[in-house]
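Descriptive analysis of the structure
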Amino acid sequence: MNILINITWQGQSGNYLVNMDQGVDDNTIKNICEEAVRAGEVLGIAPNIPKNAFANFVIDRFHGEQTRFVVRPKVPFGV
Amino acid sequence: MKIVFCGGGALGSHALFLARDLEHELAVVDFDRVETKNLASQWFVKQMVGKNKATALKMQLLNFYDVKLQDCAIKLTSLNVDTLLSGAGLVVECFDNAESRRIIQDYIRSKQKPCVHAGLAANGEFGVVRWDEHFTIDEEGSPGQATCEGRGFLPLILRVSSSLVASIQFFLADKPQVNWNISPRNAESF
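This is a predicted model, so every value here is computed, not measured. (Residues numbered from 1 in each chain as written. Chains lettered and ligands numbered in written order. Predicted model: local features only at pLDDT ≥ 70, side-chain atom pairs only at ≥ 80, totals over all residues. Heavy atoms only, no water.)

Bringing the environment of Q42 of chain B into the picture now. You can see Q42 of chain B is positioned in the loop between β2 (25-29) and α2 (53-65). Under the relative-accessibility criterion, Q42 of chain B is labelled buried at 4%. (Helix = DSSP H or I, 4+ residues; strand = E, 2+ residues; numbered from the N terminus. Buried < 20%, exposed > 50% of the residue type's maximum accessible area, 1.4 Å probe, protein only.)

See below:
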């Protein structure tokens, strides 16, 4: 199925549409994102990201009309 | 409806500033005190330094806008969470630590109360607004990790706070739940 992945990296963000199984594990998603960004396929994010850039990131999964994964840094701060 | 804000810091204080015209009962829970350094990133005036944050927000909303706010100047724990949140029709969670977030999430899920969360990443690079069913509690990083407490983060803090209040408005209007991804360059709702 087509899944929209929203990727954020150091204040930059972009969307990447990919066909894959929605049950794929987090590490595979992170690897797909890293490869897509490095290949310049994610508009809005400069391709020069380091190796394992998303290793400590979190994947949020939304299943609606359009399945969406959000690849984001941790958000521990509110106060 | 009573709307209880948990946390009156960067996100909570600005969200309350923006929520002041909601025609609902407002309350805030925060045990912390206003420090001088907070003036850079939180909605407090310098006369409030030293006061409890919940009490300071109550005074500011009353003095500036004649808006009433119930202040709960205590630390939310598993022992008092029912007392603090049982009357809430909506819980707005803006805490800065995983332990308090977990207490709230456990409580609102057991009571099936609606809850919306907001959080910021380190260095002001990203923020989220999430309804509880989609919210993942992120552990704090290592001690000394970069935060959003310094100068230069207000634009992002205000974007996250205003998106949070927009989600509250949609909820109050019985519209579908709205989640947000917010970066310094983009804000996207879905």
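Going through the model one piece at a time under the given rule, you end up with 10 salt bridges over all chains. One salt bridge connects E34 of chain A with R38 of chain A, and the closest N-O pair in it is separated by 3.6 Å. With E34 of chain A and R38 of chain A both in helix α1 (residues 26-38), this residue pair falls four residues apart, about one helical turn. E188 of chain B is paired through a salt bridge with R68 of chain A; the nearest N and O atoms lie 3.2 Å apart. Residue E188 of chain B is found in strand β8 (residues 187-189), and its partner R68 of chain A is found in strand β4 (residues 68-72); the two belong to separate chains. (Salt bridge = Lys/Arg side-chain N within 4 Å of Asp/Glu carboxyl O.)

Residue and element names in this part refer to chain B. Mapped onto the fold, D132 is located in the loop between β6 (127-131) and α5 (154-172). You can call D132 buried: its relative accessible area is 8%. A distance of 2.9 Å separates the side chain of D132 from the side chain of Q105, its partner in a polar contact. Other than its neighbours up to four places away in sequence, D132 contacts Q105, I108, R109, C115 and H117. (Polar contact = N/O pair within 3.5 Å; in protein donor to acceptor, adjacent residues only side chain to side chain. Contact = heavy atoms within 4.5 Å.)

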